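# Architecture at a glance
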Amino acid sequence: ASPRAGGPAARACDRRAVASAARDRVWLSGCVFHAFHGVERFERDVGQRFEVDVEATADLRAAGESDDLRHTVNYAEVYQLVKARVEGPPVDLIEHVAEGIAADVLAGFPGVHVVRVAVRKPQVQVGGLLAHAGVEITRER
């Protein structure tokens, strides 16, 4: 027997579906680009390496059950959004790059509830040795 519409069993099913969807993620890790962002002149003149990670939280159950690309967050399309933003017009701050990527993913994929974006500059000059400098943001609908 199916749960009565609006009854406790139906609400429990809804909560489980929401909880499951909150754990479903599609991600891109370690995307690498050459771009010209930064506040220093040499960053704009020569450019440098940028690394980006994107994680999108969405309900992937329909994709898993149907094996249909239309039911998921197409990571090839997400990559193209990231590439266009990172390789686009130079800006001063990587925070601005990350914010733009998050906005593009949320606008381009209505099923995405939360997006996490990390942008790293591995060749940043700060007067000392380090693996990279970076930012990570999380945005929700």
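Definitions and limits used
What you see as residue numbers is a count from 1 along each chain, following the sequence as written. Only residues with pLDDT of at least 70 get local features here, since the model is predicted, and only at 80 or more are side-chain atom pairs given and counted; chain-wide, interface and lining totals rely on the full set of residues. Hydrogens and water are ignored here; the side-chain numbers use all heavy atoms of the structure. Buried Ala, Val, Leu, Ile, Met, Phe, Trp, Tyr and Cys residues that are joined via side-chain atoms within 4.5 Å together make up what is termed a nonpolar core. Only protein chains enter the accessibility calculation, which uses a 1.4 Å probe; a residue is then buried when its area is under 20% of its type maximum, exposed when over 50%, and partly exposed in between. Strands are runs of DSSP state E lasting at least two residues, helices are runs of H or I lasting at least four, and both sets are numbered from the N terminus onward. When checking whether two residues touch, look at their non-hydrogen atoms; a contact exists if any pair is within 4.5 Å. To estimate how far a helix should reach, multiply one less than its number of residues by 1.5 Å. By definition, a salt bridge exists where a carboxyl oxygen of Asp or Glu is found within 4 Å of a side-chain nitrogen of Lys or Arg. Computed over the protein atoms alone on a 1 Å grid, cavities are sets of points where a 1.4 Å probe fits but cannot get out and pockets are open sets with protein on both sides within 12 Å along at least five of seven lines; a residue lines them when it has an atom within 4 Å of a point. Grid points are joined across faces, edges and corners, and a volume is the space filled by probe spheres set on the points. Under the scheme applied here, ten amino acids are nonpolar (Ala, Val, Leu, Ile, Met, Phe, Trp, Tyr, Cys and Pro), four are charged (Asp, Glu, Lys and Arg), and all others, including Gly, are polar. The angle between two axes is taken between their N-to-C directions and runs from 0 to 180 degrees, where each axis is a line fitted to C-alpha atoms and a helix contributes only its stretch in contact. Two helices cross in a left-handed way if the nearer one is turned anticlockwise from the farther one by less than a right angle. They cross in a right-handed way if the turn is clockwise. Paired strands, as defined in this entry, are two strands with at least two bridges between them according to DSSP.

V52, V86, I101, V112, V117 and V119 are the most contacted members of the largest nonpolar core, which totals 30 residues. Broken down by secondary-structure element, the contributors of at least two residues to this core are β1 (25-35), β2 (48-58), α4 (75-86), α5 (94-108), β3 (112-121) and β4 (133-140). Per-element tally for this core: the top contributor is α5, with seven residues. For V119, the contacting residues outside a window of four places in its chain are F50, E51, V52, I94, V97, A98, I101, A133, G134 and V135.

Here we take up α5. The first and last C-alpha atoms of α5 sit 21 Å apart over 15 residues, in line with the 21 Å expected at 1.5 Å per residue. All buried positions along α5 are accounted for by I94, V97, A98, G100, I101, A102, V105 and L106. Residues of α5 that are buried make contact with β2, α4, β3 and β4.

A separate point is the pattern of salt bridges. Any two side chains of opposite charge can pair, given that their charged atoms come close. In the structure shown here, the tally under the stated rule is 13 salt bridges. With its nearest N and O atoms 3.1 Å apart, the salt bridge here joins R49 to E51. Three or more residues joined by partner-sharing salt bridges are found here, namely R25, E55, R116 and E136.

Let us look at the layout of surface pockets. Roughly 240 Å³ of internal volume is contained in the largest pocket. Contributing to the lining of the largest pocket are 18 residues, with G38, E43, Q48, K121 and V124 lying nearest its centre. Going through the elements one at a time, α2 (41-45), α5 and β4 are the ones with two or more residues in the lining of the largest pocket. Here the residues of the lining of the largest pocket are counted per class, giving eight nonpolar, five polar and five charged.

The N-to-C vectors of α4 and α5 enclose an angle of 145°; their axes lie 9 Å apart at closest approach. The handedness of the crossing between α4 and α5 is right-handed. Each of V78, L81, V82, R85 and V86 in α4 lies in contact with α5, whose residues at this interface are V97, G100, I101, D104 and V105. Its residues assigned to classes, the contact of α4 with α5 shows seven nonpolar, one polar and two charged.

With that settled, consider the sheet that holds β3. Overall, antiparallel pairing links the four strands, which are arranged β1-β2-β3-β4 in an open sheet. Across the chains shown, the open sheet's two edge strands, defined by having one partner strand only, are β1 and β4. Between one strand axis and the next, the sheet turns by 15° as a mean value, whatever way the strands run. Sheet contacts for α4: β1 and β2; angle to β1, the most-contacted strand, approximately 30°. Running at roughly 155° to β3, α5 makes contact with β2, β3 and β4 of the sheet.

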